[in-house]
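# Chains, contacts and geometry: an overview
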Amino acid sequence: MHLGALFIASHVLTSGSVRETARRFQLSPSTVSTAIHNLETELAMTLTERASGELAMLIASGRVLEGLKPIMAAIGELGQWAGHDGASAEIDESWTSRIPVKIVTMERFLEVADQGSINRAARRLRLGQPQLSLQLANLEKFLSHRLFERQAQGSVLTEEGRRAYQIFMAISQAWNDLKSSADERYRRTARSLRIGSIIPTGSESWVARCLGSLVSEWNARRNNNAISLVSMTADDLREALKNGRIDVAILDSVFGLESFRHRELLQTDMVVIAPPDSTETNVTDLVAGHAICMPSPRTGLGHAAMAFSYERAPNRRRRGQDITAADSLPVIVDLVANHGYVSFLGRVSAMPIADKVRIVDLDEHLPMSYHVALNHRKAAADACTMIIEAAARITSEAVVRTAAVA
């Protein structure tokens, strides 16, 4: 990472715009984007994301921007010392955004200054002495100042060198503070076992209870890997598993799992959930009398429900604009329980909310299955086994309770 890129990235985080930064510093947008990407890579965190074509700043960007302040102040001091403090701020920023000095070069300069000898510093840094001498010479050439007096007993800082030492030391310390946080975050992430699941219908759902059971049992065993949890749609889970953002995925579809290790979690069938005060006894009448809210086609359940609707009812209501799709199962449950909608769920997901909605069987049995997919980590395989055991235990308890009430 070089100082010019840090200056560019800091301005992007301040302005919230790649294009505005590019125009201001007379750079290409790709150069600016590369600077912010390199900073994210160095700090092992995401600072920005694209939303509807616009750059959005994430919460972490504010903390990083605060950590960059002493670096920006030192870079400004460097510009003044190097003679780039003219009346035009544009000229200053244009020069500063193109500073080619890398942080590693600064740290090597500091090591030579601390050791008082290029040879000793080269040995400590495990570099060739000619290579280190050339880097220092290039640094002096860029800054237009002589930094060391070469003497028989070693290298001694000049007055200008002492000024550079203060500036570079301030930058190095602030950068190391930022990096140390990133390094610790990386270590936590590397140890963490990342579990992704379909979105639970609520805290009482079998998915939520499985994950709760997993975390409790996992921590009770004092595993070295901490667990982190995230909920997504089935499409997003497959993509996250593919690119390594999660280690285990609980999905409501086997579609797209051919390239992953996966096991069946449980089997169920699809049902209709209807308002508790509804009286219709079949799917056709329910759909005719109520608005529909389905799980999004991005979910395995939504894909199956949409296919069922289209194949069995060609009329406008089942195909028309009054079918709402939602990725949030709690919202769907609320629409059914409190606003007169009907929807489709797997029976195993509908049973825990039987006190809020009415469960109506389809005219014909439509089987569904849930699966867990995992990567190569042993911890992922261990978690997968525990999830399957928890699902079997929790769903069997739900069946017993339902039978007792009946």
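Preceding this paragraph is the structure being described.
Our subject in this report is the structure included herewith. (Residues numbered from 1 in each chain as written. Predicted model: local features only at pLDDT ≥ 70, side-chain atom pairs only at ≥ 80, totals over all residues. Heavy atoms only, no water.)

### Some points on the packing of helix α1 (residues 3–15) against helix α3 (residues 29–43)
The contact between α1 and α3 brings their axes to 8 Å, and the two run at 95°. Between α1 and α3, the crossing angle belongs to the class labelled roughly perpendicular. Residues Ala5, Leu6, Ile8, Ala9, Val12 and Leu13 of α1 form the contact with α3, whose own contacting residues are Val32, Ala35, Ile36 and Leu39. Considering only residue class, the contact of α1 with α3 consists of ten nonpolar, no polar and no charged. (Axes fitted to C-alpha atoms, helices over the stretch in contact; angles between N-to-C directions. Helix = DSSP H or I, 4+ residues; strand = E, 2+ residues; numbered from the N terminus. Parallel < 35°, antiparallel > 145°, perpendicular 65-115°, else oblique. Contact = heavy atoms within 4.5 Å. Nonpolar A, V, L, I, M, F, W, Y, C, P; charged D, E, K, R; others polar.)

### Describing empty space enclosed by the protein
In total, this model carries one cavity of 30 Å³ or more according to the counting rule given. The volume enclosed by the largest cavity comes to roughly 170 Å³. Lining the largest cavity are 19 residues, and of these Ile198, Ile199, Asp252, Leu301 and Leu329 sit closest to its centre. The residue inventory of the lining of the largest cavity, partitioned by class, reads eleven nonpolar, six polar and two charged. (1 Å grid on protein atoms, 1.4 Å probe; cavity = no way out; pocket = protein on both sides within 12 Å on 5 of 7 lines; lining within 4 Å. Points joined across faces, edges and corners; volume = space filled by probe spheres on them.)

### Re the packing of α1 against helix α4 (residues 59–81)
Contact geometry of α1 with α4 gives a least axis separation of 9 Å together with a crossing angle of 135°. Considered as vectors, α1 and α4 are oriented oblique to each other. For the crossing formed where α1 meets α4, the hand is left-handed. Together, Leu3, Leu6, Phe7, Ser10, Leu13 and Thr14 of α1 and Ser61, Val64, Leu65, Leu68, Ile71, Met72, Ile75 and Leu78 of α4 make up the contact between the two elements. Classifying every residue of the contact of α1 with α4 by side-chain character gives eleven nonpolar, three polar and no charged. (Left-handed = near helix turned anticlockwise from the far one by under 90°.)

### Some details on helix α15 (residues 329–339)
When we look at burial in α15, the residues that qualify are Leu329, Ile332, Val333, Leu335 and Val336. Within α15, the buried residues cover an arc of 160° as seen down the axis, which keeps them to one side. Buried-residue contacts for α15 involve β8 (261–274), β9 (292–295), β10 (323–326) and β11 (343–346). Gly340 lies just past α15 and shows a positive phi near 80°. (Buried < 20%, exposed > 50% of the residue type's maximum accessible area, 1.4 Å probe, protein only. Arc of directions from axis to C-beta.)

### Here we look at the side chain of Ser343
Of note, Ser343 is situated in strand β11. Its relative accessible area of 0% is what places Ser343 among the buried residues. Within polar-contact distance, the side chain of Ser343 engages the backbone oxygen of Cys293 at 2.5 Å. (Polar contact = N/O pair within 3.5 Å; in protein donor to acceptor, adjacent residues only side chain to side chain.)

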